[in-house]
Amino acid sequence: MKNTNIKFLLFTLIVLVSSCADSFLDKEPISGFSAKGFYKNASDAQAGVYGIYNSMQSAFRQNFALWGEGRADAVSTNQAGDPLALTQNDLTPVMQSARWDNLYTVISRANYAIKYIPQVFDSEEGTLRNQLIGQARALRAIAYFYAVRVWGDVPLIVEPFESVQQDIFSTRTNQEAVLDMIEEDLLYASTYCADNYTGARNRVILTKGGADAFLTQVYMWRKKYQDAIDAAERVIESPYYSLVSMQDWNKIFTDGMSNESIFEVGYNEIQTNALRVIYALGSDSYYFPSLAFRSTFEDGDLRRTRIYDVTQTAPRKIWKFFGEGFNDESPDPSSNNIVLVRLADIILLKAEAHANLNEPDLALPLLNQIRRRAGLDNLDLSGSTALYGDLASAVLHERAVELCYEGHRWFDLVRTGKVVEVMGPINEISDTRNFVWPIHEDIINRNPNIDQNEFYK
Amino acid sequence: MSLETNPKISLSPKRNQAIIRWVALVAFNFLLFHSVLAQTRTVSGRITDGQTGLAISGVSVVVKDGAQGVSAGQNGEYSIPGVADNAVLVFSILGYSTQEISLNGRSVLNVSLQSSSNEIEETVVVGYGRQKKRNLTGSIVSVNSEEIEKTALQDPISILQGRAAGVQITSNSGAPGSEMTIRVRGSSSLNSGNNPLFVVDGIPIESGSMSNLNGTEGFGLNPLAAINPGDIESIEILKDAASTAIYGSRAANGVVMITTKRGAEGKAIVDVNLTTGVSELTRRLSVLNATQYRQAIIDSYNNMDNPEEPFWTILDSLSATNNGDVDWQSELMRVAPQYKVDLSIRGGSKTTQYAWSTSYLDQDGIILNSNFKRLTSRLNTDFNITDKLKIGQSISYTNALNNRINAAGAGNLSVIRELLVRPPIMSMYLPDGSLNGYSLGRRNPVGIAKYATNLNKSNRIIGSQYLEYQIIPDLIFRSNLNFDFTSMKEDEFMPTILDYREGYNTGAVRSSTNMNWGSESFLRYTKTVNQDHNFGALLGFSLQSWRYDRTGLNGMFFPSDNIRTLNAAGTISNKDANGVDINVASEHAMLSYFGRASYDYQGKYLGEINLRSDGSSRFGRQKRFGYFPSASVGWRFSQEDFFNANVVNDGKIRFSVGKTGNEAIGDYTSQGEFVVGANYLDFSGAAPTVMPNEGLTWETTTQYNAGLDLAFFANRITFTTDLYIKNTDDLLYDVPIPTTTGFGSFMQNIGSIQNRGAEFLLTTKNISREKFSWATNLNISLNRNKVLSLPENLLTNGYIQNGAYHILQEGLPIGVFYGWRFDGVYARDEDNVNAITHGALGPLFKGGDPIWHDLNGDDFITPDDRQIIGMAEPKFFGGFGNDFTYKNFALNVFFQFSYGNDIYSAINQERNSIVRYNNLSADALNRWREQGDVTNYPKPVRDDPKQTDSRVSSRWVEDGSYIKLKNVNLRYTFANSLVNRIGLRKVDAFVTGTNLITWTKYTGFDPDVNSFSGLRVGVDQGSYPQSRMFIFGLNIGL
């Protein structure tokens, strides 16, 4: 009897345990998805694309300034680390701005979206489907465009990584091939993205105009002037973009979502960026206006007092993004949107393209449109030659003032071949191979297939 | 080992007398044993209670292997005629342990019996049962309730500090109720899963910090603080694989078994304990005053390569915000009171036993406004339903309220850092009388302490029920059902008076629940054959499941600082500062089978094997189950015939080997993760964040242990030593992968770590007299940790950077500091004879600049010149206790020590950095000022391009060795005759001093510091300082 008892007990236990074992140990994520369980319907597709913008916030929160201004002539710094190394042209493979991690996060998320969005829509013709793919491709293109300008050849990855079985040790691709892919992505976006958004999505979501604006930048980078003019034309003629008045000029940056803005990375009180730390922390900020920059203004330029703290003989604050008189020592992050591309940029790029195609009559009105807003007189060809050497240089100077600190100056210098002329006297840069950044040593250490850039070997 | 050899025994006078009597008795027997004559006589005597000395009536006295037997009378007296001289008498009665005593020719034999709750044959708690301590073949260290009582500490972990060999405990913070770091035999994991498993009354419980707000380092809460030390009967720490393998996949870091007091048959025993006391800062650190500070700032500008005008507001002594000369330490530190009331009632009948207790603690921290309140309540019951069926339960409830101070938070939120580095010139109040809440990028720390909210409220219920059925006399079936439920709510608020922006205030709320439940069932078999062969077996299975839920919101722009609930917030978000969604739920489950078989022959030859198999939901489907075996043997050589037991009266050697595991990774890591909440502005987004790895499995630790137990001179000296080697393989590590994949890392099983060590425990009874006794115990532990292998592709320049101060490198221990070596200060410009520069293109080092060791001799100071500059692991550590009794006084003096460890003092680095206009330590008065100054303190330089202040360097590595007079407890027990007269059972009064004196070279607040949990050991980042505590207490028993 007792024996039977035991046997019965044991038997019951064993049956009980083995019957529930497997299901007991199956635990699916509750508040998220397993890696392969996400893209199921249209709202997932939308969320996946917003996830790409989310990574844009990290990618550009401070690098837009380090990459676009750090090595150029408008900034000075007292900050050890990246800011000092960049202004002194003492780039090392350990500097923060030598990392491309955040850009590849954008690319990876875009690759997921581009692969999986088609699976959740029945028809290939759906407007939303194509808009979402267009945005994903445009964002991927923007990330790659920064990557090739900063490092030259970079791994071109257009498929998502979903398992360790894939070869994760990618090699670098010739930058022309990457630029071809960028154009292809942007052309798709230019065709399929929405014309415009209103409300909360205004300016912070990629549109046709955004794609065309970046196309203009890409074509200018590749010196495809006629293509650039065509793309710029589409932007300028769009009803959604117009120059703001001078008194609203700072509001492009302080308030965001202006009519002049074409695409800006959105931030808010929680999703923040480093603008204040970069430009306006007083004695401790990354950057303050260089003497060269302060001396570059023409008399009567209404923008001067809107750009930096003119009350100090050695100004330490850049007011452009915070408004005149801004005075605060807080190292807290900022909630301003970061404007990546705006109409004045495209107008001046078009002017530059015309100048390079020797079409001064088409270039000058565009240049003067920007000058007049800043309270400056119209320039004619001889005037611009007298002041700046030639028309293209006059446009470049105008870009230096109008678009200062927005992350364009270094790329403008590289694009127009003026790096050595402008920066040579400042930090002795002379070797064209030095124009790209080193690749961060951590990237090389993690991937034996990545070679350091020639100059930094 | 028997009772009197136990170092943890209480030396209350009464008890002690009993022991002495017993020892004398045993010794006496020994001496007479060989001169026995075979005669018969009448034996008589008196039987008393070993504890109270009162007579026991009704004790059965029988002659072993004989026919005679009597029952003792009312006054405990007995008399048996016709007993052989060499006979053995057996004394037994319910509630007392049975004693067998050889007569050895005596005719008068007075006996004192020990109540069975204080059994002579001491047992220790092991996995799924108890074991006689003398029969242990594994390595277990035990701390009992009497030892706990001496400390007057408020959580079980700090009690163990220094008292358990092989267990290293460091304080992450000195705040009441805060987290501590516990390492049993070293760190064996790279993945932060280095905490031991905690088992309370057989229930594995949650032991990680469950705090959600400001989860920054040094700010975690100690979940074990939910347990009232007064309820604890004993704490056992299982160290070797033989002891831990029964807990399989979670046991690689050791197991801490906490057993609470249960009721025993007898009259209700009521205990009331009252304690009250104060704590205070142990040491103040000196800083510059306003004048000295201003001069240092002026110097820092003058020392620039292109000197600049100092930032004007700093120097303007007329500025309303900068005209102070405030001693911030005095403003923030206080003498903090605490009190505690414990009430317990224990007792029972033959069928029902109960232990009921409740306790309230109110403890102020030494920083303004920090406070910890805890209410605990416990009920343990046991019911003997029939002879064979027994059921029972343990249930405890804890309500804790922790008013925290942001001590180690980032930036200007850390009160501790701010109280040391806040410029003294910053005034406390503005001319209009309002608080100077914010100026020059700094929040007022007094304001943070007084006006910011950082409150943690928790409710925790730990409960278990069991059913035990005796199937046949030797076979018991037991089933437990248990749960551990914690509900926590946290509130945070930063008022606008502490911000520079008008109307800018922030608030946050977090609410979380942890629900863990489990069920265990097992069969336990014990059998003794022919009195010599003892068999034991255990077979069982268990299920366990964990669920974690968290909800919360962050808000800002509250219209008033007075309404701090989130309904008032102007902007509300469900994202934390890093943009990660606050609201989350997660689950984890485990299914296990376990078994044990043991055998011993006369307690002389001992052997045991264990096997556990665990399946965890955290691992890939094919890799879910892991197997964790262990085996151990022991030999009591002192029992062999050839052994001469004159000097060594007991001796045993032990060996064990076994495997244990570690599953401390995210619940869903192996499945990969696609998180929702990767939002863009107000639009919901989702993003892939973790790549799946279906092949992921446990870390496995293989441990070898050899031990020796010796007792000399009838247990007057006992010595225990253990040697071990612990190899951990298949380390779970988040391996960095090329970021072109879109992912930064990928969890894999890689690499291995070794810990080797030795533990020594020596107890001696130096003096044992009727009125005066002195006993000591000393434990010393050594652990040598070494990283054996790391995967090639992980290594940057041959190592992995582990946080800012440490590296991980093959062949080196976890916890080596890596940075530049500081060789002093150039007295003159010319002293830099090699024209060493900062980097290849950077500025030249001049007079007043630090001399950095140019390791590779290239005349540039670069990251390549970094080297190993210190080691956080101590050469040895331990504790040394002394117990004295004199008449009714008992004195415990306990020292704790650690030798050979370095501390990286990040707080000293911060308070000697001119960055952000920090105030400097008083050392800065010795700074280099002009050419030719010979000093070790470099010149302060504003915006220093040579990075004097920011380098991780040997300048901040200090010797962290210390000896600490950790605890002194003086207790007076009132005489029974006096106490009984007023109707009480016992009364004793005590005073305890904690952390009284520390001998150390360390210049921070306290060398017992470890700001980061996890692998970044030995860093002082400005944690909440340890306090010195004086407590007075009264124990009254009814």
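Parameters and conventions
Residues numbered from 1 in each chain as written. Chains lettered and ligands numbered in written order. Predicted model: local features only at pLDDT ≥ 70, side-chain atom pairs only at ≥ 80, totals over all residues. UniProt positions renumbered as here; feature names shortened; annotations may be inferred. Helix = DSSP H or I, 4+ residues; strand = E, 2+ residues; numbered from the N terminus. Rg over C-alpha atoms; globule rule 2.2 N^0.38 Å. Buried ≥ 20, exposed ≤ 12 C-beta atoms within 10 Å, placed from the backbone. Contact = placed C-beta atoms within 7 Å. Nonpolar A, V, L, I, M, F, W, Y, C, P; charged D, E, K, R; others polar. pLDDT = per-residue confidence, 0-100. Pairing = 2+ DSSP bridges. Axes fitted to C-alpha atoms, helices over the stretch in contact; angles between N-to-C directions. Expected span 1.5 Å × (residues − 1). Parallel < 35°, antiparallel > 145°, perpendicular 65-115°, else oblique. Left-handed = near helix turned anticlockwise from the far one by under 90°.

Per an unreviewed UniProt entry, the recorded name for chain B is TonB-dependent receptor, and the organism is Sphingobacterium olei. Under Subcellular location (unreviewed entry), UniProt gives the following word-for-word description of chain B: "Cell outer membrane".

An unreviewed UniProt entry lists chain A under the name RagB/SusD family nutrient uptake outer membrane protein, with Sphingobacterium alkalisoli as the source organism. Check the Subcellular location (unreviewed entry) section of the UniProt entry for chain A; it says "Cell outer membrane". As its UniProt record puts it under Sequence similarities (unreviewed entry), chain A is described as follows: "Belongs to the SusD family."

Caption draft 1: Up close: the overall build of chain B. Across its full length, chain B carries eleven helices and 55 strands. In summary, chain B has a C-alpha radius of gyration of 32 Å against a globular reference of 31 Å for 1038 residues, a match within 12%. For chain B, the spread of C-alpha atoms along the three principal axes comes to 110 × 65 × 65 Å. Residues counted as buried form 50% of the 1038 residues belonging to chain B. In chain B, 69% of the contacts between residues at least 6 apart in sequence involve partners at least 24 apart.

Caption draft 2: Geometry of the overall build of chain A. Counting its secondary structure elements, chain A contains 20 helices and four strands. Taken over the C-alpha atoms alone, chain A extends approximately 115 × 50 × 45 Å along its principal axes. Going through the 457 residues of chain A one by one, you find that 51% of them count as buried. Here the analysis covers contacts within chain A between residues at least 6 apart in sequence; of these, 68% occur between residues at least 24 apart.

Caption draft 3: Structural view of the interface of chain B and chain A. Counting from both sides, the interface comprises 67 residues of chain B and, opposite them, 68 residues of chain A. Counting only elements with at least two residues in the side of chain B that touches chain A, the list comes to β24 (453-472), β27 (533-556), β28 (571-573), β29 (584-601), β33 (673-676) and β34 (686-690) of chain B. Examining the composition of the side of chain B that touches chain A, we find that seven residues originate from one element, β29 of chain B, more than from any other. Here the side of chain B that touches chain A is composed, by residue class, of 35 nonpolar, 25 polar and seven charged.

Caption draft 4: Broad picture of the UniProt feature "domain: RagB/SusD" (unreviewed entry) in chain A. On the UniProt side, "domain: RagB/SusD" (unreviewed entry) is annotated at positions that read residues 324-456 of chain A here. Within residues 324-456 of chain A, the helical portion is 53% and the strand portion 4%, while the C-alpha atoms at the span's ends are 41 Å from each other.

Caption draft 5: Region of interest: the confidence of the model for chain B. All names here are of chain B. Chain-level statistics for chain B give a pLDDT mean of 86 and a share of 93% at 70 or above. Across chain B, strand β52 (residues 957-959) holds the top mean pLDDT of 97, while helix α1 (residues 13-33) sits lowest at 45. Confidence over residues 22-38 falls short of pLDDT 50; this stretch has 20 contacts with residues more than four positions distant or in other chains. Here the predicted complex carries an ipTM of 0.90, next to a pTM of 0.79.

Caption draft 6: Seen up close, the environment of arginine 621 of chain B. All names here are of chain B. Examined against the element boundaries, arginine 621 turns out to sit in the loop between β30 (605-616) and β31 (625-635). Residue classification places arginine 621 among the exposed positions, given that 12 C-beta atoms sit within 10 Å. On a C-alpha basis, the gap between arginine 621 and leucine 696 in space is 9.2 Å, while along the polypeptide they are 75 residues apart.

Caption draft 7: Main features of the sheet that holds strand β6 (residues 99-102) of chain B. Residue and element names in this part refer to chain B. The four strands are arranged β3-β2-β5-β6 in an open sheet whose pairing can be described as antiparallel. Edge positions in the sheet fall to β3 (69-71) and β6, since each has one partner strand and no second. Across this sheet, the average inter-strand angle for adjacent strands is 20°, counted without regard to direction. The sheet contact formed by strand β2 (residues 60-63) and β3 spans three bridges and is antiparallel. Paired with valine 61 across the bridge in β3 is valine 70.

Caption draft 8: Looking closely at the sheet that holds strand β7 (residues 111-113) of chain B. Residues and elements named next belong to chain B. With respect to topology, three strands assemble into an open sheet ordered β4-β1-β7, the strand pairing being mixed. Since the sheet does not close on itself, it has two edges, and those belong to β4 (77-84) and β7, each with one partner. Averaged over neighbouring strand pairs, the angle between their axes works out to 35° when direction is ignored. Pairing analysis gives three bridges linking strand β1 (residues 40-49) to β7, with the strands arranged parallel.

Caption draft 9: View of the pairing of strand β19 (residues 352-364) of chain B. All names here are of chain B. In terms of strand pairing, strand β18 (residues 336-348) meets β19 through eleven bridges, oriented antiparallel. Of the residues in β19, the one forming a bridge with serine 344 is serine 357. Between β18 and the antiparallel strand that follows it, β19, lie three residues. Looking at chain direction, β19 and strand β20 (residues 371-384) are connected through 13 bridges and run antiparallel. Bridge pairing links tyrosine 360 to leucine 375 in β20.

Caption draft 10: Structural context of helix α14 (residues 343-356) of chain A. Residue and element names in this part refer to chain A. Here α14 contains 14 residues, and its C-alpha end-to-end distance of 20 Å stays within 8% of the 20 Å for a straight helix at 1.5 Å per residue. In terms of burial, α14 is a largely internal element, 13 of the 14 residues being buried. Positive phi appears at asparagine 358, one or two residues downstream of α14, with a value of about 60°.

Caption draft 11: Structural context of the packing of α14 of chain A against helix α15 (residues 360-373) of chain A. All names here are of chain A. For the pair α14 and α15, interaxial distance at closest approach is 8 Å and the crossing angle is 155°. One element, α14, and the other, α15, form an angle in the roughly antiparallel class. Here the hand of the crossing between α14 and α15 comes out left-handed. Taking contact as the criterion, the partners of Ala344, Ile347, Leu348, Lys350, Ala351, His354 and Ala355 in α14 are, on α15, Pro360, Leu362, Ala363, Leu366, Leu367, Gln369 and Ile370.

Caption draft 12: Main features of helix α2 (residues 42-60) of chain A. For α2 of chain A, which comprises 19 residues, the first-to-last C-alpha distance of 28 Å matches the rise-based estimate of 27 Å (1.5 Å per residue) to within 8%. Counting buried positions over the 19 residues of α2 of chain A gives 15, a clear majority of the element.

Caption draft 13: Quick look at the environment of valine 272 of chain B. All names here are of chain B. Position of valine 272 relative to the elements: it lies in strand β17 (residues 266-281). As for valine 272 and serine 357, which are separated by 85 residues in sequence, their C-alpha atoms are 9.7 Å apart. Sequence-distant contacts of valine 272, that is, excluding residues within four places in its chain, are made with Leu343 and Ile1036.

Caption draft 14: Molecular detail of the packing of helix α7 (residues 175-192) of chain A against helix α8 (residues 208-221) of chain A. Residue and element names in this part refer to chain A. The contact between α7 and α8 brings their axes to 8 Å, and the two run at 155°. The orientation of α7 relative to α8 falls into the category roughly antiparallel. By crossing handedness, the relation of α7 to α8 is classed as left-handed. Contact with α7, carried on its side by Leu179, Ile182, Glu183, Leu186, Ala189 and Ser190, involves Lys208, Ala211, Asp212, Phe214, Leu215 and Val218 of α8 and no other residues of that element. Residues belonging to the contact of α7 with α8 are distributed by class as follows: eight nonpolar, one polar and three charged.

Caption draft 15: Up close: the pairing of β33 of chain B. Residue and element names in this part refer to chain B. Where burial is concerned, the two faces of β33 agree: the one with Glu673 and Val675 and the one with Phe674 and Val676 are both buried. Across four bridges, the pairing between β33 and β34 is antiparallel. Paired with valine 675 across the two strands is alanine 687, which belongs to β34.

Caption draft 16: Representation of unusual backbone geometry. Residues and elements named next belong to chain B. Located in the positive-phi region is glutamine 602, a residue other than glycine, with phi close to 55°. Along the chain, glutamine 602 turns up in the loop between β29 and β30. Overall, glutamine 602 belongs to the exposed group, with 12 C-beta atoms counted inside 10 Å. With a phi angle near 50°, leucine 681 is a residue other than glycine that sits in the positive phi range. In this structure, leucine 681 sits in the loop between β33 and β34.

Caption draft 17: Geometry of the confidence of the model for chain A. Residue-level pLDDT values for chain A average 91, and 95% of them are 70 or greater. Looking over chain A, one finds the lowest element-wise mean pLDDT in helix α1 (residues 2-24) of chain A, namely 61, and the highest in α8 of chain A, namely 98.

Caption draft 18: Inspection of the environment of asparagine 289 of chain B at higher detail. Relative to the assigned elements, asparagine 289 of chain B resides in the loop between β17 and α5 (290-302). On a C-alpha basis, the gap between asparagine 289 of chain B and glutamate 958 of chain B in space is 25 Å, while along the polypeptide they are 669 residues apart.

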